[in-house]
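What follows is the residue order along each chain.
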Amino acid sequence: MVWFLIRLLLLVILFLLLKRLWTSLCGAVRDEGGLPPRSETLSQPMVRDPECGLHLPLPDAFTVQTEKGLRYFCSRECRDAYLAKEHK
Ligand SMILES: [Zn+2]
C-alpha cells in the first residue's frame, strides 16, 4: 500500500513537471513569435507620403489638412517641404 502511494506521488510530481515544461514552452513560443503586434501592424491602413513616396502606417504619419484634402507625411521635413511647394 505504501509503495502504491509513493508511485502515485511520483506520477503527480512527474505530471506537474511536464505541465510546467509545456507551459514554459508555449510561453516561449508566444514571446518569440510576437504575432499579435505584427498582424496589427499589417492590418493598419497604409498611407503614402506625397513628398518622398514612402508608405507608412496611418498612426505613424503626420496628418495635414490641405486645400486638396488630407495628406500624410513620414516626417515634419516632408510635410514642410510639401507645404512650401504648395504655397508657391
Ligand atoms: Zn517623407
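Residues numbered from 1 in each chain as written. Predicted model: local features only at pLDDT ≥ 70, side-chain atom pairs only at ≥ 80, totals over all residues.

Participant: Any chance you could explain the overall build of the chain here in plain terms?
Facilitator: A tally of helices and strands in the chain yields three helices and four strands. Each helix and strand of the chain, placed in order from N terminus to C terminus, yields the pattern α-α-β-β-β-β-α. Looking at the chain as a whole, 8% of its 88 residues qualify as buried. Residue pairs at least 24 apart in sequence account for 21% of intrachain contacts in the chain once pairs closer than 6 positions are excluded. (Helix = DSSP H or I, 4+ residues; strand = E, 2+ residues; numbered from the N terminus. Buried ≥ 20, exposed ≤ 12 C-beta atoms within 10 Å, placed from the backbone. Contact = placed C-beta atoms within 7 Å.)

Participant: So what exactly am I meant to see when it comes to the nonpolar core here?
Facilitator: Core analysis: the biggest nonpolar cluster contains five residues, these being Val-47, Ala-61, Tyr-72, Phe-73 and Cys-78. Among all residues touching Phe-73, those that are not within four sequence positions of it are Asp-49, Glu-51, Ala-61, Phe-62, Val-64, Cys-78, Arg-79 and Tyr-82. (Core = buried A, V, L, I, M, F, W, Y, C linked by C-beta atoms within 7 Å.)

Participant: I tried to follow the pairing of strand E4 (residues 69-73) on my own but got confused; where do I start?
Facilitator: Residues in a regular strand project their side chains so that they alternate between the two faces of the sheet. Of the strand pairs in this sheet, strand E3 (residues 62-66) and E4 are connected by five bridges, and their pairing is antiparallel. Within the sheet, the bridge partner assigned to Gln-65 lies in E4 and is Leu-70. In textbook terms, the turn of a hairpin is the stretch between consecutive antiparallel strands, and for E3 and E4 this stretch comprises two residues. (Pairing = 2+ DSSP bridges.)

Participant: I would appreciate a short explanation of the environment of Pro-50 in the present structure.
Facilitator: Structurally, the position occupied by Pro-50 is in the loop between strand E1 (46-48) and strand E2 (55-57). Pro-50 gets classed as partly exposed once you count the C-beta atoms within 10 Å, which come to 17. Sequence separation between Pro-50 and Cys-78 is 28 residues; the distance between their C-alpha atoms is 8.5 Å. Those residues in contact with Pro-50 that lie beyond four places of it in its chain are Arg-71 and Tyr-82.

Participant: Teacher, can you tell me more about the environment of Leu-83 here?
Facilitator: Considering the arrangement of structural elements, one finds Leu-83 in helix H3 (residues 76-86). Here Leu-83 falls in the partly exposed class, since 14 other C-beta atoms lie within 10 Å of it. Leu-83 sits 32 residues away from Glu-51 along the chain, and the two C-alpha atoms are 9.5 Å apart.

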